[in-house]
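Here are the chains, one letter per residue:
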Amino acid sequence: MTKKIILRSLLGLLLIACADKSNESSKLNIAKEIKGSSAEVLNSNTSDVFYHYSIWWAFVNKIFEGDIDAKELKTKGDMALGSYNFLDGELIMLDGVLYQAKEDGTVVIPNDDEKIAYANAAFFDSEKEFSLKNVANYDELRDLINDELPSKNFFYAFKIHGNFKQITCGGLHKQDKPFEKGLDVLIPSRPLFERENFSGTMVGFYCPEFIGNINVAGYHLHFISDDGKFAGHVMEFEAEDLLVQLDQMHEYQFVLPKTEDYSHVGFEKEFQYKKK
Ligand SMILES: [Zn+2]
């Protein structure tokens, strides 16, 4: 293990020495400090269960009411993303604190009885971490993380903290019953919020391609600023000094809504984010 890390470090230095001067940002990013295993299957000290409430496909098809609440979700993990009932805000949980990013851009701490329509959660246990000096955008972050993922056949939870030169987060417009539009319509017309020069954490998950419509395939990240005042679904950003921590998940737990609407949903519409 130590030999591997030393070899990787030497290779990194060699690559830096050979790198084209004009490629400043990727040169800096090669100088990553990697802690943790490069083995494909990572060991862990705590539970490695990916908790999933409702399914993405149902959520896309207007199942915007769930039957679990904030108090219950906090028993399923200390980090999470998702959405509240009636799409009343994006859901972000970091270090056991649950946030609700409302459609007007404000962020509140929800009451324990606030109902949840859709969520992914886990008890986070960092199994591998590395830092990235400069990340120009979301695509570059995906590429850099893909290079470090021990295997793309497992699920992962992420905590990514750093300084954001710019970030754009998406919200959702609150819906009233009867729900008319699915996420295939609501996501492309979602409200967007921007902020510059501040620090915060991206919280999220990676699902392998085989997940299909059960969940978001690839990366799904939500954001909460260090001051707790800015949050949402991560759309685009430019960041520096990112610390990426990941937790490989080997078990997947489904909980389906025990609701009348869910029992009748037809799954007619499909929606996946294009970038995976
Ligand atoms: Zn989201």
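Given the structure is predicted, the values throughout are model-derived calculations rather than measurements. (Residues numbered from 1 in each chain as written. Predicted model: local features only at pLDDT ≥ 70, side-chain atom pairs only at ≥ 80, totals over all residues.)

## Points about the overall build of the protein
- Along its length, the protein carries seven helices and 14 strands.
- Residues counted as buried form 36% of the 276 residues belonging to the protein.
- Sequence-distant contacts, at least 24 apart, represent 79% of the contacts inside the protein between residues at least 6 apart. (Helix = DSSP H or I, 4+ residues; strand = E, 2+ residues; numbered from the N terminus. Buried ≥ 20, exposed ≤ 12 C-beta atoms within 10 Å, placed from the backbone. Contact = placed C-beta atoms within 7 Å.)

## Side note on unusual backbone geometry
- At the junction of Lys177 and Pro178, the peptide bond is cis and its omega measures out at -5° in the coordinates.
- Within the fold, Pro178 resides in the loop between β10 (155–170) and α6 (183–186).
- In this structure, Lys62 is a non-glycine residue whose phi angle is positive, near 70°.
- Within the secondary structure, Lys62 sits in the loop between α3 (56–60) and β3 (68–69).

## Brief notes about the confidence of the model for the protein
- Per-chain confidence: the protein averages 88 in pLDDT, with 86% of residues scoring 70 or above.
- In the predicted structure, residues 1–7 sits below a pLDDT of 50 and forms three contacts with residues beyond four places in sequence or in another chain.
- Every residue in residues 10–27 is under pLDDT 50, and counting partners more than four places away or in other chains gives 10 contacts. (pLDDT = per-residue confidence, 0-100.)

## Considerations on the environment of Tyr252
- Within the fold, Tyr252 resides in strand β14 (residues 251–255).
- In this structure, the C-alpha to C-alpha distance between Tyr252 and Phe50, residues 202 residues apart in sequence, is 4.7 Å.
- Each residue touching Tyr252, except ones within four places of it in the same chain, is listed here: Phe50, His52 and Phe155.

## Quick word on the environment of Ser199
- Secondary-structure assignment places Ser199 in strand β11 (residues 192–207).
- Setting aside residues no more than four positions away along its own chain, Ser199 makes contact with Gly162, Asn163, Phe164 and Asp226.

## Focus on the pairing of β10
- Alignment of β10 against strand β13 (residues 231–249), held across 14 bridges, turns out to be antiparallel. Across the sheet, the residue bridging to Thr168 is Glu236, located in β13.
- As judged from the 14 bridges shared by β10 and β11, these two strands associate in the antiparallel manner. Across the sheet, the residue bridging to Ala157 is Phe205, located in β11. (Pairing = 2+ DSSP bridges.)

## Comments concerning the pairing of β13
- Pairing of strand β9 (residues 128–135) with β13, which is carried by seven bridges, proceeds in the antiparallel orientation. Paired with Phe130 across the strands is Val244, a residue of β13.
- The sheet contact formed by strand β12 (residues 218–225) and β13 spans three bridges and is antiparallel. Paired with His222 across the bridge in β13 is His233.
- Count of turn residues in the β12/β13 antiparallel hairpin: five residues, of which Gly228 carries a positive phi of about 70°.

## Here's the deal with the environment of Glu114
- Its location among the elements puts Glu114 in the loop between β7 (107–108) and β8 (115–122).
- For Glu114, a count of 19 C-beta atoms within 10 Å gives the class partly exposed.
- Sequence-wise, Glu114 and Ile68 are 46 residues apart; in three dimensions their C-alpha atoms are separated by 8.5 Å.
- Those residues in contact with Glu114 that sit more than four places away from it in its chain are Asp69, Ala70, Tyr84 and Gln100.

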